[in-house]
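# A structural walkthrough
What follows is the residue order along each chain.
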Amino acid sequence: MADTMKLSKQELVRHAQAEMQRQFGDAAWTVRERVALTCRILYDGGHDSGLAGQITARAEAPGSYYTQRLGLGFDEITAGNLLEVDEDLRVRNGDGMPNPANRFHSWIYRARPDVQCIIHTHPLHVASLSMLEVPLEVSHMDNCTLYDDVAFLEKWPGVPVGNEEGEIISAALGDKRAILLAHHGMLVAAGTVEEACVLALQFERAARMQLLAMAAGRIQPIPPELGREAHDWILTPKRSQIGFAYYARRALRAHPDVLA
């Protein structure tokens, strides 16, 4: 006889989360490998825009982070060709130069000690939405990882190679995990590489859904309490790890050189 049919939702949530902790272990990938996998995952997910966009993650040395080499697309990144740079973008390990636009990542890392990974890309649907100067609307269960967790910078400050843009973008992000940058693209700042990757994929999907819905009619909001409940249920470290592992398996099949 079933013994869970009378349990409350809160009890069932706790049970499911405990079971996920028991069933799924941590992957053995290094930070470098996770960043390289993220580059390939996002390339396959429509986040490539030539050489635009940066993915960074804090390195082991204080004040330093990993990033891709300028001149390489997301589909060319491997764990071995990533650079380690300091917050002034001086290369500490690796060959080549980082993207000068990484400067605003340094500002975010300074302002947000909780952030371990930053993803900034210009995917097609996010970039298209950014041209309308409207915020991202989260009105579907799948997108609730971003519910009440996306800031909006409604005025474009120009190319983000100066300290001014770093100050503006980091201030606009505040304590959120993500931000839509008008006339520009998207940014995710998360506590793990896995979480940042999954959120970036969801951001582009949410923008695509919003554009489709706006073309058909008026988007209806979801109840705030249910949006926050879904956000907290979906966006847990273990679920981010599980989701990332799925996308990583796909990337490894398509790009077997990524961990080289």
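Residues numbered from 1 in each chain as written. Predicted model: local features only at pLDDT ≥ 70, side-chain atom pairs only at ≥ 80, totals over all residues. Heavy atoms only, no water.

Looking at an unreviewed UniProt entry, one finds the protein named Aldolase and attributed to Bordetella petrii. As recorded by UniProt, the Sequence similarities (unreviewed entry) comment attached to the protein reads in full: "Belongs to the aldolase class II family." (UniProt positions renumbered as here; feature names shortened; annotations may be inferred.)

## With respect to the sheet that holds strand β8 (residues 185–190)
Strands sit in the order β4-β3-β2-β1-β5-β8-β7-β6 across an open sheet of eight strands; the sheet is mixed. Two strands in the sheet have a free side with no partner beyond their single neighbour: β4 (91–93) and β6 (150–153). Ignoring strand direction, the axes of neighbouring strands in this sheet form an average angle of 25°. (Pairing = 2+ DSSP bridges. Helix = DSSP H or I, 4+ residues; strand = E, 2+ residues; numbered from the N terminus. Axes fitted to C-alpha atoms, helices over the stretch in contact; angles between N-to-C directions.)

## Description of the packing of helix α6 (residues 193–216) against helix α8 (residues 237–254)
Where α6 contacts α8, the axes come no closer than 8 Å and their chain directions differ by 70°. With respect to α8, the axis of α6 lies roughly perpendicular. Contact with α6, carried on its side by E194, E195, C197, V198 and L201, involves S240, Q241, G243, F244 and Y247 of α8 and no other residues of that element. Residue composition of the contact of α6 with α8, by class: five nonpolar, three polar and two charged. (Parallel < 35°, antiparallel > 145°, perpendicular 65-115°, else oblique. Contact = heavy atoms within 4.5 Å. Nonpolar A, V, L, I, M, F, W, Y, C, P; charged D, E, K, R; others polar.)

## Observations concerning empty space enclosed by the protein
Over the atoms rolls a probe the size of a water molecule, and its path tells where empty space is left. Taken as a whole, this structure holds two cavities of 30 Å³ or more when the rule is applied. Quantified by volume, the largest cavity comes out at close to 40 Å³. For the lining of the largest cavity, a count of residues per class yields four nonpolar, five polar and one charged. In this structure, the second largest cavity encloses a volume near 30 Å³. What lines the second largest cavity is L51, G53, Q68, R69, L70, G71, L72 and N99. Split by residue class, the lining of the second largest cavity holds three nonpolar, four polar and one charged. (1 Å grid on protein atoms, 1.4 Å probe; cavity = no way out; pocket = protein on both sides within 12 Å on 5 of 7 lines; lining within 4 Å. Points joined across faces, edges and corners; volume = space filled by probe spheres on them.)

## Thoughts on the side chain of T67
Topologically, T67 is positioned in strand β2 (residues 64–67). Looking at T67, its side chain comes within polar contact range of the main-chain oxygen of I55, at 3.4 Å. A distance of 3.2 Å separates a polar atom in the side chain of T67 from a polar atom in the side chain of N102. With near-sequence residues (within four places) excluded, T67 lies in contact with I55, T56, L82, L83, V85, P98 and N102. (Polar contact = N/O pair within 3.5 Å; in protein donor to acceptor, adjacent residues only side chain to side chain.)

## Structural notes on the pattern of salt bridges
Going through the model one piece at a time under the given rule, you end up with 13 salt bridges. D26 serves as the salt-bridge partner of K238, at 3.2 Å between the closest nitrogen and oxygen. Of this pair, K238 sits in helix α8 while D26 sits in the loop between α1 (9–23) and α2 (31–44); the two residues are 212 residues apart in sequence, bridging distant segments of the chain. When its relative accessible area of 8% is taken as the criterion, K238 is described as buried. (Salt bridge = Lys/Arg side-chain N within 4 Å of Asp/Glu carboxyl O. Buried < 20%, exposed > 50% of the residue type's maximum accessible area, 1.4 Å probe, protein only.)

## Some points on the packing of aromatic side chains
Centre-to-centre distance and the angle between the planes together describe a pair of aromatic rings. Under the criterion given, the structure shown has three aromatic pairs. Here the aromatic rings of W29 and F244 are separated by 5.9 Å at their centres, their planes lie at 75°, and the arrangement is edge-to-face. Within this pair, whereas W29 is found in the loop between α1 and α2, its partner F244 is found in helix α8, the two being separated by 215 residues in sequence. F244 gets classed as buried once you look at its relative accessible area, which sits at 1%. Taking the centre distance of 5.1 Å and the plane angle of 40° together, the rings of Y65 and Y109 count as tilted. One end of the pair, Y65, is in strand β2; the other, Y109, is in helix α3 (residues 103–111), with 44 residues separating them in the sequence. (Phe/Tyr/Trp six-rings, centres within 6.5 Å; stacked < 30°, edge-to-face > 60°.)

## Overview of the pairing of β2
Alternating positions in β2 separate into two faces, S64 and Y66 on one and Y65 and T67 on the other, with burial throughout. Direction of pairing for strand β1 (residues 54–58) relative to β2: antiparallel, over a ladder of two bridges. If you follow R58 over to β2, its bridge partner there is Y65. Count of turn residues in the β1/β2 antiparallel hairpin: five residues, of which G63 carries a positive phi of about 75°. Bridge count between β2 and strand β3 (residues 83–86): four bridges; the pairing is antiparallel. Looking at the pairing, S64 lines up with D86 of β3.

## Focus: the nonpolar core
The biggest cluster of nonpolar side chains holds 45 residues, and the ones touching the most others in it are V188 and F203. Among residues more than four places away in sequence, those in contact with V188 are C117, I118, I119, R177, A178, A196, L199, A200 and F203. Y65, V85, I118 and L173 belong to the second-largest nonpolar core, a separate cluster that totals 17 residues. (Core = buried A, V, L, I, M, F, W, Y, C linked by side-chain atoms within 4.5 Å.)

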